[in-house]
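Observations on the three-dimensional arrangement
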Amino acid sequence: MMEILPKTFYMMGILFFACTAFFLLTGFFVGVSFILVVVGVLTFFVIGLAAGFLVIYIRELISNNNRHPVAGPVFNLLIHFNRLFDYQTSLAQKYSTYRLITPFKSDVYTADPVNVEYILKTKFSNYGKGKFNSNLMRDLFGDGIFAVDGEKWHHQRKLASYEFSTKVLRDFSSTVFRTNAAKLASDVSIAATTKQMIDLQDLFMKSTLDSIFKVGFGVELNTLSGSDEFSTRFMKAFDDSNVIVYWRYVDLLWKIKRFLNIGLEADLKQNIKVIDNFVYELIQQKREQMKNRKLDRGKEDILSRFLMESAKDPENMTDKYLRDISLNFIIAGKDTSANTLTWFFYMLCRHPFVQEKIAQEVREATEAEDNISADEFANKLTEAALEKMWYLHAALTETLRLYPAVPVDGKNSEEDDILPDGFKVKKGDGVNYMAYAMGRMTYIWGEDAADFRPERWLDNGIFRAESSFKFTAFQAGPRICLGKEFAYRQMKILASSLLFFFKFKLVDESKEATYRTMFTLHMDKGLHLYAFSRL
Ligand code: HEM
């Protein structure tokens, strides 16, 4: 019955379409206007498609094919786009793993740590980014580490892993973070003295962009000082592209719009031009630096390492490939840490007791005096001092549990498979793990899952990590985030500098913060605060 039903509907659809075409053509010959004919044909075409999809949907809904429960059609994502991650959370409360039906395949969404471990580690080779994700991301991410699998991923991962593990990079990055933390504290100090409102998200974005340029590419950017219009344009183009490319997941017509160069796709093209100019200029500058041996740190930054590789293998490591690699590192290094810090300060304003506790911990760990300057204080943020800040570490982790910088992450199934929960996945299905929803599940974190409680991460005052398949903010398995340690160090240095000198309050306590739906969990319209000097 199940096989006959859709075939009958398809036949009816074809018959319906043929009759329509016949009548419209007849109408055309007897003098009905061409526009009417086109509109008529298009209308019936859309109705035909909708009927076809309805058949597929009903079939998936009622068939008992040992597949995950159907939570709805993929169009539900479009309806709930502005609150997408909360919509996914509400579904995950009903089913730990569920499916959304698209016209061509199923998209599986899971919040089950056992399935997550299977996808990200046990059967890693079956769950890559896949063609679907790569095609969608390619215009912006190109062949960078976030968008590729196989040989290209291996190559980039290997070179970057080596770079991240060196002590030189670690020491140099700490120095850069301290310098930027002192700059940030000075900026906030001016706002505190003049009682001006600040957008902390904007300041964090600038600060983390400056850091990734200096550490990753050995280039001074200084967006925090606001002097460079070129980089400000780049940041705006970059954020807007992130939103538009994410929108493609719910826009079935994006390829047609790209072909016709209309709507958001036309905007994306313009934005990518701005981004490309910026990144190619960076690569050019870097080449000059290396040629003239003006590079003070020689081989230690990530871009230099890739440029040296490209000199050995110019055919494969083209400028376009270098552009992709660099851009993916900017995405990785800028938004994730800045967004996490933003939600962290939002949580501290909502929980002033936690804010005070961290300020006290910072004071004790650094043994800093009240009259210290921002630069002197930054120098007190040594590795030893940072290591003593367990409560701060726990509060950042608690923030990432509730507000993971990458709220949902998509893979693709290469072959038919069965997940550990016993349900089937088909070749070509999307398989996503939902870090945002997982952080809110009582079946993972207990009855107080929705509460912000840094204490849940502490055992006798010492930080206790959880399984990376349960706390998935940094992904897990062979593709686990390469910058995790780097990110914690940067976030701890920036947060402790601000909390030592200032107390923060929301400008509007009554307003609940929300996100702008995109790849990263960006706070919509920024984080507007007042800072008050503590000293
Ligand atoms: C709070 C901060 C951060 C969070 C929550 C975070 C989270 C993640 C997540 C979820 C992924 C997997 C993304 C995917 O495959 O689609 C990832 C990958 C990655 N992250 Fe991070 N990240 C953070 C900071 C950083 C920083 C600062 C860097 C570098 C400077 C970095 C470098 C990378 C790289 C290179 C990958 C790709 C790994 C691979 O595919 O093998 N991350 N990160």
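This text follows the structure it describes.
Everything numeric here is computed off the predicted structure, so don't read it as measured data. (Residues numbered from 1 in each chain as written. Predicted model: local features only at pLDDT ≥ 70, side-chain atom pairs only at ≥ 80, totals over all residues. Heavy atoms only, no water.)

1. Some words on unusual backbone geometry
Even without being a glycine, N66 presents a positive backbone phi close to 55°. Tracing the chain through its elements places N66 in the loop between α2 (34–62) and β1 (70–73). In this structure, K195 is a non-glycine residue whose phi angle is positive, near 55°. Relative to the assigned elements, K195 resides in the loop between α8 (167–193) and β5 (198–199). (Helix = DSSP H or I, 4+ residues; strand = E, 2+ residues; numbered from the N terminus.)

2. Some remarks on the coordination of the iron atom of the ligand
Of all protein atoms, just one serves as a donor to the iron atom of the ligand, and that atom is C481 (SG), at 2.3 Å. Looking at the element boundaries, C481 is found in the loop between β11 (462–463) and α21 (484–501). (Donors = N, O, S within 2.8 Å, 3.2 Å for Na, K, Ca; no water.)

3. Comments concerning the pairing of strand β3 (residues 106–110)
Buried residues dominate β3, accounting for five of its five residues. Alternating residues of β3 divide into S106, V108 and T110 and D107 and Y109, and every residue in both groups is buried. One ladder, built from five bridges, connects strand β2 (residues 97–101) with β3; its direction is antiparallel. In the sheet register, I101 faces β3, and the bridge partner there is S106. Counted between consecutive antiparallel strands, the loop separating β2 from β3 contains four residues. (Buried < 20%, exposed > 50% of the residue type's maximum accessible area, 1.4 Å probe, protein only. Pairing = 2+ DSSP bridges.)

4. Some thoughts on the pattern of salt bridges
Tallying each qualifying case throughout the model produces 42 salt bridges. The partner of E117 in a salt bridge is K121, with the nearest N and O atoms 3.7 Å apart. With E117 and K121 both in helix α5 (residues 113–122) and four residues apart, this pair spans about one turn of that helix. The class for E117 is partly exposed, based on a relative accessible area of 30%. By relative accessible area, K121 is classed as partly exposed at 44%. The partner of R323 in a salt bridge is D324, with the nearest N and O atoms 2.8 Å apart. Salt bridges sharing partners connect three or more residues here, namely E398, R401, D448, R453 and R456. (Salt bridge = Lys/Arg side-chain N within 4 Å of Asp/Glu carboxyl O.)

5. A few points about the site of the ligand
Near the ligand lie 27 residues; those nearest to it are K129, W153, R157, D409 and C481. With respect to the ligand, the side chain of W153 contributes an N or O atom lying 2.7 Å from an oxygen atom. Contact between the ligand and R157: an oxygen atom at 2.7 Å from a side-chain N or O atom of the residue. Elements with a minimum of two residues in the shell around the ligand: α7 (150–165), α14 (319–350) and α21. Counted by class, the shell around the ligand contains 17 nonpolar, six polar and four charged residues. (Near = heavy atom within 4 Å. Polar contact = N/O pair within 3.5 Å; in protein donor to acceptor, adjacent residues only side chain to side chain. Nonpolar A, V, L, I, M, F, W, Y, C, P; charged D, E, K, R; others polar.)

6. Structural notes on the environment of L396
Residue placement: L396 occurs in helix α18 (residues 390–402). Sequence-wise, L396 and R99 are 297 residues apart; in three dimensions their C-alpha atoms are separated by 32 Å. Excluding residues within four positions of it along the chain, L396 makes contact with L341, F344, Y488, M491 and K492. (Contact = heavy atoms within 4.5 Å.)

7. Re the nonpolar core
One finds L200, F213, F234, F344, F345, I358 and F504 to be the most contacted residues of the largest nonpolar core, which totals 147 residues. Those residues within four positions of F234 in sequence are excluded, and the remaining contacts are L209, V274, I275, F278, V279, L327 and I330. (Core = buried A, V, L, I, M, F, W, Y, C linked by side-chain atoms within 4.5 Å.)

8. Quick notes on a nonpolar patch on the surface
On the surface, a cluster of nonpolar side chains totalling about 720 Å² of accessible area is made up of F75, L252, L253, I256, F259, L260 and I262. Considering every element that reaches the nonpolar patch, the biggest residue donor is helix α11 (residues 254–260), with three residues. The residue L253 is located in the loop between α10 (229–247) and α11 in this model. L253 gets classed as partly exposed once you look at its relative accessible area, which sits at 49%. (Patch = residues over 30% accessible without salt bridge, like charges linked within 9 Å, V, L, I, M, F, W, Y side chains within 5 Å. Areas by Shrake-Rupley, 256 points an atom, 1.4 Å probe, with all protein chains shown as cover.)

9. Some words on the environment of P420
Relative to the helices and strands, P420 resides in the loop between β7 (417–418) and β8 (424–425). What P420 contacts, discounting residues up to four positions off in sequence, is V114, N115 and Y118.

10. Regarding the packing of α14 against α18
Interaxial distance between α14 and α18 falls to 9 Å at its minimum, and their mutual angle equals 105°. Relative to α18, the element α14 lies roughly perpendicular. Contacts between α14 and α18 involve T340, L341, W343 and F344 from the former and L392, A395, L396, T399 and L400 from the latter. Here the residues of the contact of α14 with α18 are counted per class, giving seven nonpolar, two polar and no charged. (Axes fitted to C-alpha atoms, helices over the stretch in contact; angles between N-to-C directions. Parallel < 35°, antiparallel > 145°, perpendicular 65-115°, else oblique.)

11. What to know about α18
An ideal rise of 1.5 Å per residue puts 18 Å on 13 residues; α18 measures up with 19 Å between its terminal C-alpha atoms. Counting buried residues in α18 gives twelve out of 13 residues, a clear majority hidden from the surface. Among the residues of α18, those classed as buried are Y391, L392, H393, A394, A395, L396, T397, E398, T399, L400, R401 and L402. (Expected span 1.5 Å × (residues − 1).)

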